[in-house]
Amino acid sequence: MIGPSIRIKGEVTGEEDLLIQGKVEGTISLKDQELSVGESGRVTADITARVVKIEGEVTGDITGSEKVVIARSGNVRGNIVAPRVTLEDGAIFKGSIDMDPGETVAARPTLTAQQSANSAAPELDVKSG
Amino acid sequence: MNPASIQSSQLLPALFRGVEDDQRLAVLHLGPARQDTLDFFSQRRCRLHIVDVFAELPLPAEEDTEHGLSAHLRDLLQLSGDTVFDVCLFWDLFNYLDARALRALLEALEPCLGKTTVAHGFSVHNPRSPDQGLVYGINDTDAISMRRRGRSIPGYRPHSQNRLLELLYCFRMERTVLLADQRLEMLLRARTGSEQRAPTGHTGRDDLIAAQIRKAST
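What you are looking at is a predicted structure, and each value in this text was computed from that prediction instead of being measured.

(A) Quick peek at the overall build of chain B. The secondary structure content of chain B amounts to six helices and nine strands. Expressed as a percentage of the 218 residues in chain B, the buried residues total 44%. By sequence separation, contacts in chain B at least 24 residues apart represent 74% of the contacts at least 6 residues apart.

(B) Examining the overall build of chain A more closely. Looking only at helices and strands, chain A features zero helices and 12 strands. Taken from the N to the C terminus, the helices and strands of chain A come in the order β-β-β-β-β-β-β-β-β-β-β-β. When each of the 129 residues of chain A is scored for burial, the buried share is 33%. The long-range share in chain A, meaning contacts at least 24 apart out of those at least 6 apart in sequence, stands at 1%.

(C) View of the nonpolar core. Core analysis: the largest hydrophobic core is formed by 86 residues, its most contacted members being V27 and F85 of chain B. Beyond its immediate chain neighbours, meaning those up to four positions away, F85 of chain B contacts A26, V27, L28, C112, L113 and T117 of chain B.

(D) The environment of D61 of chain A, seen in detail. Residues and elements named next belong to chain A. Along the chain, D61 falls in the loop between β6 (57-59) and β7 (62-70). Look at D61 and you get partly exposed, because 18 C-beta atoms sit within 10 Å. Along the backbone, D61 and T86 are 25 residues apart, and their C-alpha atoms lie at a distance of 16 Å. Each residue touching D61, except ones within four places of it in the same chain, is listed here: D46, G78 and N79.

(E) View of the pairing of strand β11 (residues 92-98) of chain A. Burial within β11 of chain A is extensive, with six of its seven residues counted as buried. With three bridges connecting them, strand β8 (residues 75-77) of chain A and β11 of chain A associate as parallel partners. Across the sheet, V76 of chain A pairs through a bridge with F93 of chain A, a residue of β11 of chain A. Examined bridge by bridge, strand β9 (residues 80-81) of chain A and β11 of chain A share two bridges and lie parallel to one another. Paired with V81 of chain A across the strands is D98 of chain A, a residue of β11 of chain A. In this sheet, strand β3 (residues 45-50) of chain B lies alongside β11 of chain A in antiparallel orientation, the contact comprising four bridges. From the neighbouring strand, D98 of chain A faces β3 of chain B, where its bridge partner is R47 of chain B.

(F) Focus on the pairing of strand β7 (residues 143-148) of chain B. All names here are of chain B. Of the strand pairs in this sheet, strand β1 (residues 5-8) and β7 are connected by four bridges, and their pairing is antiparallel. Bridge pairing in β7 links Q7 to I144. Inspection of the sheet shows strand β6 (residues 134-140) paired to β7 by six bridges, in the antiparallel sense. The residue bridging D140 from the neighbouring strand is A143, located in β7.

(G) Representation of the packing of helix α3 (residues 69-77) of chain B against helix α4 (residues 99-109) of chain B. All names here are of chain B. Look at α3 against α4: their axes get within 8 Å of each other, and the N-to-C directions meet at 55°. One element, α3, and the other, α4, form an angle in the oblique class. Crossing of α3 against α4: the hand is right-handed. Taking contact as the criterion, the partners of L69, S70, L73, R74 and L77 in α3 are, on α4, R100, A101, A104, L105, E107 and A108.

(H) How the structure looks around α4 of chain B. Within α4 of chain B, nine of the 11 residues are buried, leaving the element largely enclosed by the surrounding structure. Buried within α4 of chain B are the following residues: A99, R100, A101, L102, R103, A104, L105, L106 and L109 of chain B.

(I) Structural context of helix α2 (residues 35-42) of chain B. Buried residues of α2 of chain B: T37, L38 and F41 of chain B, and no others. Down the axis of α2 of chain B, the smallest arc covering the buried residues is 100°, so these residues share one side. In the core, the buried residues of α2 of chain B are packed alongside β10 (85-87) and β11 of chain A together with β2 (24-29), β3 and β6 of chain B.

What counts as what
Residues numbered from 1 in each chain as written. Chains lettered and ligands numbered in written order. Predicted model: local features only at pLDDT ≥ 70, side-chain atom pairs only at ≥ 80, totals over all residues. Helix = DSSP H or I, 4+ residues; strand = E, 2+ residues; numbered from the N terminus. Buried ≥ 20, exposed ≤ 12 C-beta atoms within 10 Å, placed from the backbone. Contact = placed C-beta atoms within 7 Å. Core = buried A, V, L, I, M, F, W, Y, C linked by C-beta atoms within 7 Å. Pairing = 2+ DSSP bridges. Axes fitted to C-alpha atoms, helices over the stretch in contact; angles between N-to-C directions. Parallel < 35°, antiparallel > 145°, perpendicular 65-115°, else oblique. Left-handed = near helix turned anticlockwise from the far one by under 90°. Arc of directions from axis to C-beta.

Next comes the structure, spelled out in structure tokens:
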């Protein structure tokens, strides 16, 4: 654990689970382990881990090979790459979530022309209830 | 936390019509992210770009920004220059943007719109309709979830459908559905190139009301 009064600048790597309650700037790489950022944790770093759980603040890109969880007290600014993302009610997130880590974002639109272009005049349906 | 209610949607399926299972979607989501929406998109190959613009309201006045409101919004949205969105989810954001802010938003978005970009949003059938205070999510391809918003959003001043048609210069309204509570569900399609109309200018009335809202919120 990195306690609330600890500040680290640089590269954090390891092969065990880690809880951050203090401040970390740099990069964090835990590969197959779990990283938790506690409520008092303040992280400005790119993060790589198997599971990333955030209750504090993170600014940076997050890669979770299994999942990323942002708790209701969590505040994340950055991009997430993970097959599963959990965002609890009240969590603050700004950025992109890449649900398919296998490829880079396509620069071209992927919807096909099967969505036909209709007339400019809107069609109005009335639906009760 | 209040429970979500589910409402069927006739227009939502059009966003995903023709999308193959292995196709990768680029989705712009301009509202608070909700778990059901993430769960829905996690079943697809996609990249969700999420910016809760509601949390940034009211937007500053043009004169209070360093490089103009459009540049302010570009900074806020942090859009990548080479991304073209397939789907834009506006939810009911237009109800909280005056004409100037709406134009600035569209100017910021325009480089990320392509000829196949489709969008979904909610407006009102009657501009005097009260604020419903709802947060939306996607429950299924044809179902929208709604939950009461925890706080009120400043600047609620919905546009009439005709006014919105004028303001949304880089979209055309393809289809609308009148819902309960005089809400209007909208399916929009991006206009590109020669299809586009010139941005509609704001009116003096818009400025006056915007100034009143800013004054009230300070």
